[in-house]
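An overview of the molecular structure
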Amino acid sequence: MFPVPNTKEDIIEFLSIAMTSSKKKGGIFGSVGGRCVFFVALALIVFVLLGLAGGGEVGLLVGLLILGYGLMFSFVGGQDVIRENKIAQAWRDKFEQVMLKGRSLRGDAEFTQQLDYYESLLNQKK
């Protein structure tokens, strides 16, 4: 519920603050979906490798154990990273709103250059 700044100086100040707060963490483990995909893939790899080695039943059991642990971890463990990434996404969304406001002001060349700079920094983080 942060109001969109109205002056050029306030817009630039907000964009610089938003840049530091919008960084996502955790890579593939930074979301529940990413975690699920990782552990499903890992379980399938273990199942296939042990199945090819002649241990089909053991591979299935180990694969199911990995999958069960992974899904439990995805929904229960490490929720701080997921929460921080939701906050980072909120900062990104507000950044885009403020950027639209800044572009609508049609400021001087220096202001436009600063907007371009912050926008390029955000795009590098994606």
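What counts as what
- Residues numbered from 1 in each chain as written.
- Predicted model: local features only at pLDDT ≥ 70, side-chain atom pairs only at ≥ 80, totals over all residues.
- Heavy atoms only, no water.
- Helix = DSSP H or I, 4+ residues; strand = E, 2+ residues; numbered from the N terminus.
- Buried < 20%, exposed > 50% of the residue type's maximum accessible area, 1.4 Å probe, protein only.
- Areas by Shrake-Rupley, 256 points an atom, 1.4 Å probe, with all protein chains shown as cover.
- Expected span 1.5 Å × (residues − 1).
- Arc of directions from axis to C-beta.
- Core = buried A, V, L, I, M, F, W, Y, C linked by side-chain atoms within 4.5 Å.
- Contact = heavy atoms within 4.5 Å.
- Phe/Tyr/Trp six-rings, centres within 6.5 Å; stacked < 30°, edge-to-face > 60°.
- Lys NZ or Arg CZ within 6 Å of the ring centre and 35° of its normal.
- Salt bridge = Lys/Arg side-chain N within 4 Å of Asp/Glu carboxyl O.

**Here's the deal with the overall build of the protein**
On a plain count of helices and strands, the protein comes out with 5 helices and 0 strands. Listing each helix as α and each strand as β along the protein from the N terminus yields α-α-α-α-α. Expressed as a percentage of its 126 residues, the buried residues of the protein come to 26%. Summed over all atoms, the accessible surface of the protein reaches about 8200 Å², with 66% contributed by carbon and sulfur.

**Regarding helix H1 (residues 8-21)**
The first and last C-alpha atoms of H1 sit 20 Å apart over 14 residues, in line with the 20 Å expected at 1.5 Å per residue. Within H1 the residues assigned to the buried category are Ile 11, Ile 12, Phe 14, Leu 15, Ala 18 and Met 19. Along the axis of H1, the buried positions cluster into a sector of 165°, meaning they face one direction only. Seen from the open side of H1, the exposed residues pointing more than 90 degrees away from its buried face are Glu 9 and Thr 20.

**Focus on the nonpolar core**
Counting residues in hydrophobic clusters, the biggest one holds 13 residues, and the most contacted among them are Ile 11, Leu 15, Phe 95, Met 99, Leu 115 and Tyr 118. Broken down by element, this core gets its largest block of residues, 6 residues, from H1. The residues touching Met 99, leaving out its near neighbours within four places in the chain, are Leu 15, Leu 115, Tyr 118 and Glu 119.

**Digging into the packing of aromatic side chains**
With the rule as written, the count across this model stands at 2 aromatic pairs. Aromatic side chains Tyr 117 and Tyr 118 sit 5.3 Å apart centroid to centroid with 70° between the ring planes, which places their arrangement in the edge-to-face category. Between Lys 8 and the ring centre of Phe 111, over which it is positioned, the NZ or CZ distance is 5.8 Å.

**A few points about the pattern of salt bridges**
It is possible for side chains bearing opposite charge to pair when their charged atoms get close. Taken as a whole and assessed by the stated rule, the structure comprises 2 salt bridges. Taking the shortest distance from any N to any O, the salt bridge between Asp 116 and Arg 103 comes out at 2.8 Å. Residue Asp 116 is located in helix H5 (residues 109-125), and its partner Arg 103 is located in helix H4 (residues 79-105); the two are separated by 13 residues in the primary sequence. For Arg 103, a relative accessible area of 30% gives the class partly exposed. For Glu 119, the salt bridge is made with Arg 103, and the minimal N-O distance between the two is 2.7 Å. Of this pair, Glu 119 sits in helix H5 while Arg 103 sits in helix H4, placing them 16 residues apart in sequence. Ionic contacts of the salt-bridge type, sharing partners, join the residues Arg 103, Asp 116 and Glu 119 into one network.

**Re the environment of Val 37**
Topologically, Val 37 is positioned in helix H2 (residues 32-52). In this structure the C-alpha to C-alpha distance between Val 37 and Leu 67, which are 30 residues apart in sequence, comes to 10.0 Å.

**Quick word on the environment of Ala 88**
Structurally, the position occupied by Ala 88 is in helix H4. We classify Ala 88 as buried; its relative accessible area is 1%. In this structure the C-alpha to C-alpha distance between Ala 88 and Thr 20, which are 68 residues apart in sequence, comes to 9.2 Å.

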